[in-house]
Amino acid sequence: MKKMISVFTALFIALALAACQGGNVDAVETVEWQASEIYTDDEIESALKTVKNYFSREFDGCTLTKLRYSGDDHANEFKKWAEQYNSDEAIVIYSDFDVDSSGGDGSLMPDSTYTDWNWILVRDSGGAWRHATHGYG
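Residues numbered from 1 in each chain as written. Predicted model: local features only at pLDDT ≥ 70, side-chain atom pairs only at ≥ 80, totals over all residues. Heavy atoms only, no water.

Visitor: What exactly am I supposed to notice about the overall build of the chain here?
Guide: From N to C terminus, the chain includes 3 helices and 5 strands. Listed N to C, the secondary structure of the chain is α-β-α-β-α-β-β-β in terms of helices and strands. Burial statistics for the chain: of 137 residues in total, 36% are counted as buried. Just so you have it, the chain exposes about 8500 Å², and 52% of that area is on carbon and sulfur atoms. (Helix = DSSP H or I, 4+ residues; strand = E, 2+ residues; numbered from the N terminus. Buried < 20%, exposed > 50% of the residue type's maximum accessible area, 1.4 Å probe, protein only. Areas by Shrake-Rupley, 256 points an atom, 1.4 Å probe, with all protein chains shown as cover.)

Right, dumping it as structure tokens:
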């Protein structure tokens, strides 16, 4: 019986630690965008999902609050990013997120909010979006 309690305790601790890993994307608001002449709504949704997936894996101690497509007005930037990352296409997604007292991985300001954080995603010939870089600028 004592051994069984130890196993359950270890399992509970492992599950609790796993639940604490990564960034929180549960309540993110997606801002509507004007119809794009470059990408379909499904392609933009796929890009947003790529950002959420990356954030949930890599942004411990952070909560994603808002996502938005940067818009077709940034098409020249898309071309530059695609070239820089040897890809056919790129898209820029903006986000807002909160950082808890841990400062995320230590590179972010604790107890702060980041707005208009850029996510640069690239892909080849209509394939899956992949994370290229992120940050300001």
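Visitor: What exactly am I supposed to notice about the nonpolar core here?
Guide: Burial of nonpolar side chains together is a common tendency in soluble globular proteins. F59, I91, I93 and F97 are the most contacted members of the largest nonpolar core, which has 33 residues in total. At the level of secondary structure, the elements contributing two or more residues to this core comprise α2 (41–58), β2 (62–69), α3 (75–84), β3 (89–99) and β4 (112–123). Leaving out residues up to four positions away in the same chain, F59 has contacts with G22, G23, Y54, F97, L108, W117, W119 and H134. (Core = buried A, V, L, I, M, F, W, Y, C linked by side-chain atoms within 4.5 Å. Contact = heavy atoms within 4.5 Å.)

Visitor: Please explain the pattern of salt bridges as it appears in this structure.
Guide: Pairing between side chains of opposite charge can happen when their charged atoms approach one another. In the structure shown here, the tally under the stated rule is 5 salt bridges. Of the charged contacts, one joins R68 and D96 as a salt bridge, the two residues approaching to 3.0 Å between their closest N and O atoms. Here R68, found in strand β2, pairs with D96, found in strand β3; they are 28 residues apart in sequence, far enough to count as distant. Taking relative accessible area as the criterion, R68 reaches 16% and is therefore assigned buried. When salt bridges that share partners are traced, they join E43, E89 and R123 into one network. (Salt bridge = Lys/Arg side-chain N within 4 Å of Asp/Glu carboxyl O.)

Visitor: Even after reading the chapter, I still don't get α3, so can you show me in this structure?
Guide: Three or four residues apart is the spacing at which side chains of an α-helix point the same way, because the helix has 3.6 residues per turn. Within α3, the full set of buried residues consists of F78, W81 and A82. Projected onto a plane normal to the axis of α3, the buried residues spread over an arc of 100 degrees and lie on a single side. Opposite its buried face, α3 presents the exposed residues N76, K79, K80, E83 and Q84, each directed more than 90 degrees away. Just downstream of α3 lies N86, where phi reads positive at about 50 degrees. (Arc of directions from axis to C-beta.)

Visitor: How should the pairing of β3 be read in this particular structure?
Guide: As a general feature of sheets, a regular strand has side chains that alternate between the two faces. Counting buried positions along β3 gives 9 out of 11 residues, so the element sits mostly inside the fold. With 7 bridges connecting them, β2 and β3 associate as antiparallel partners. Opposite C62, over in β3, you have V99 as the bridge partner. As paired strands, β3 and β4 are joined by 10 bridges and run antiparallel to one another. (Pairing = 2+ DSSP bridges.)

Visitor: Can you walk me through α2 in this structure?
Guide: The terminal C-alpha atoms of α2, which comprises 18 residues, lie 26 Å apart, in line with the 26 Å expected from a rise of 1.5 Å per residue. Three or more residues of α2 are buried, namely I44, A47, L48, T50, V51, Y54 and F55. End-on view of α2: buried residues confined to an arc of 150 degrees, all on one side of the axis. In this structure, α2 carries D42, K49 and R57 as exposed residues pointing more than 90 degrees from its buried face. (Expected span 1.5 Å × (residues − 1).)

Visitor: Is there a simple way to explain the side chain of T50 in this structure?
Guide: Looking at the secondary structure, you find T50 in helix α2. If sequence neighbours within four positions are ignored, T50 has contacts with L121, W129, R130 and H131.

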